[in-house]
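Each chain is listed here by its residues.
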Amino acid sequence: MQNIPSVDLRDFLSDDPARKQKFVNEIGSAFEDIGFVALKGHFLNDQLVEELYGEIRNFFALPLETKRSYEIPGIGGQRGYVSFGTEHAKGRKEGDLKEFWHFGQYVSEDSKYAAEYPENVEVNELPRFNVVGKEAYQMLEKTGVYVLRALALRLGLDEFYFDNYAKDGNSILRPIHYPPITSEPENAIRAAAHGDINLITLLMGAQGKGLQVQNHNGEWIDAIAEPDELVINVGDMLSRHTNNKLKSTIHQVVNPPRELWGTSRYSIPFFMHPVSDMPLNCLENCIDAENPKQFEDITAGDYLYERLVDLGLIKK
């Protein structure tokens, strides 16, 4: 496969059973083959997208000392600011050429997960930053719920199987700034080859070259979305839960050509996580003689902790 398939969520949301099934077939097939799709018909509108990018640019343009005042120790970078070069891909020492922010879940006070999640961090200098971030978070989460419903049907599960795991899930909205490159990077790129940790990732900002996906032949192909599309991919948790029926695909963000080193790149992934006590045990209907069980039983919370240590965000 040389291109990322495009699907339209409005097919799944329609009252026409044939259109709904068409979406299930298309996204299921893509996730079993290359693990990525471009998605139209999501719940983000143009005004919200434009305002979010404006707030993001304003935040990353703040003085470094101001941004660092929002770097919260002791929480593995799960909320607030994470400074340039802190995160690295699993198995690599070189830090990625990026800085980023984390918005986390918004739970009610009576949720059993309320005590588990750090508070979101308010940016005093930008009164609209947190308001816009919260709205975008919730629209991406809403989109993700419907994608997971389609995947549940593809897997032969109840349509709403993932709903209770996704509600109050430990999802993260991560606005990323890849700053201009000022000198020859030594073995470092904007985001080294990796698989995502979570169930699915919904990515804003794949409208230009940079994001690359590795197909089954080991070839890197460009993942470029249309202006009205999100790029959505399978994460390692979902791959593990489905005994690798749905593929978590290795991807990277490469450095631009030298003539574009002086430009910034912004992208905004939404990492959709389940609640921490979700069992990621391989689903029984994804195991058979030809596909024996590949992964040990583990909860989502324990798996996330292991991976955050791998990434250098939690120091053991």
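So, a few notes on the structure that sits alongside this text. (Residues numbered from 1 in each chain as written. Predicted model: local features only at pLDDT ≥ 70, side-chain atom pairs only at ≥ 80, totals over all residues. Heavy atoms only, no water.)

**Topic: the environment of D16**
Alright, step 1. Its place among the elements puts D16 in the loop between α1 (9-13) and α2 (17-33).
Alright, step 2. Between the C-alpha atoms of D16 and N285, which are 269 residues apart in sequence, the distance is 28 Å. (Helix = DSSP H or I, 4+ residues; strand = E, 2+ residues; numbered from the N terminus.)

**Regarding the packing of aromatic side chains**
Alright, step 1. Going through the model one piece at a time under the given rule, you end up with 16 aromatic pairs.
Alright, step 2. Consider the rings of Y70 and W101, whose centres lie 6.0 Å apart with planes at 70°: the pair is edge-to-face. Taken together, the positions of Y70 in the loop between α4 (64-68) and β3 (80-82) and W101 in strand β4 (residues 99-102) put the pair 31 residues apart, joining distant regions of the chain.
Alright, step 3. Linked through ring pairs, F59, F60, Y70, Y81, W101, F103 and F129 together constitute an aromatic cluster.
Alright, step 4. Positioned above the aromatic ring of F12 is the side chain of K20, whose terminal nitrogen or guanidinium carbon lies 5.0 Å from the ring centre. (Phe/Tyr/Trp six-rings, centres within 6.5 Å; stacked < 30°, edge-to-face > 60°. Lys NZ or Arg CZ within 6 Å of the ring centre and 35° of its normal.)

**Considerations on the pairing of strand β9 (residues 211-214)**
Alright, step 1. Strand direction decides the pairing type here: β9 and strand β12 (residues 251-253), joined by three bridges, are antiparallel. What sits directly across from L211, in β12, is V253.
Alright, step 2. Pairing analysis gives three bridges linking β9 to strand β10 (residues 220-222), with the strands arranged antiparallel. Looking across to β10, one finds that Q214 is bridged to W220.
Alright, step 3. Between β9 and β10, which pair antiparallel and follow one another directly, the connecting turn spans five residues, one of which, G218, has a positive phi of 80°. (Pairing = 2+ DSSP bridges.)

**A closer look at the nonpolar core**
Alright, step 1. Counting 86 residues, the largest nonpolar core has F31, F59, W101, L151, I200 and I232 as its most contacted members.
Alright, step 2. The greatest single-element share of this core, amounting to 11 residues, is contributed by helix α5 (residues 129-154). (Core = buried A, V, L, I, M, F, W, Y, C linked by side-chain atoms within 4.5 Å. Buried < 20%, exposed > 50% of the residue type's maximum accessible area, 1.4 Å probe, protein only.)

**Notes on unusual backbone geometry**
Alright, step 1. In this model, D168 sits at a positive phi of 60°, which is unusual for a non-glycine residue.
Alright, step 2. Taking relative accessible area as the criterion, D168 reaches 15% and is therefore assigned buried.
Alright, step 3. For N243, which is not glycine, the phi dihedral falls at a positive 55°.
Alright, step 4. Among the structural elements, N243 can be located in the loop between α7 (236-241) and β12.

**Observations regarding the packing of helix α3 (residues 46-60) against α5**
Alright, step 1. Two elements in contact, α3 and α5, have axes separated by 9 Å at closest approach and are oriented at 130°. By the angle between their axes, α3 is oblique relative to α5. For the pair α3 and α5, the sense of crossing is left-handed. For the pair α3 and α5, the contacting residues are L48, E51, L52, E55, I56 and F59 in the first and F129, V132, G133, E135, A136 and M139 in the second.
Alright, step 2. Taken together, the residues of the contact of α3 with α5 sort by class into eight nonpolar, one polar and three charged. (Axes fitted to C-alpha atoms, helices over the stretch in contact; angles between N-to-C directions. Parallel < 35°, antiparallel > 145°, perpendicular 65-115°, else oblique. Left-handed = near helix turned anticlockwise from the far one by under 90°. Contact = heavy atoms within 4.5 Å. Nonpolar A, V, L, I, M, F, W, Y, C, P; charged D, E, K, R; others polar.)

**A word on the pattern of salt bridges**
Alright, step 1. By the definition in use, this model includes 15 salt bridges.
Alright, step 2. Close ionic contact of E99 with K67 constitutes a salt bridge, the shortest N to O distance being 3.0 Å. With E99 in strand β4 and K67 in helix α4, the pair connects residues that are 32 residues apart, well separated along the chain. Considered together, E99 and K67 belong to a single accessibility category, that of buried residues.
Alright, step 3. The residue R307 makes a salt bridge to D236 at a minimum N-O spacing of 2.5 Å. With R307 in helix α8 (residues 300-310) and D236 in helix α7, this residue pair connects regions lying 71 residues apart in the sequence.
Alright, step 4. Assessed through its relative accessible area of 8%, R307 is described here as buried.
Alright, step 5. One network of salt bridges, in which partners are shared, links D11, R19, K22 and E26. (Salt bridge = Lys/Arg side-chain N within 4 Å of Asp/Glu carboxyl O.)

**Some remarks on α8**
Alright, step 1. When α8 is considered as a whole, its buried residues turn out to be A300, Y303, L304, R307 and L308. Projected down its long axis, α8 carries its buried residues within an arc of 135°, all on one side.
Alright, step 2. Each element contacted by the buried residues of α8 is listed here: α7.
Alright, step 3. Trailing α8 by a residue or two, G312 shows a phi angle of about 85°, which is positive. (Arc of directions from axis to C-beta.)

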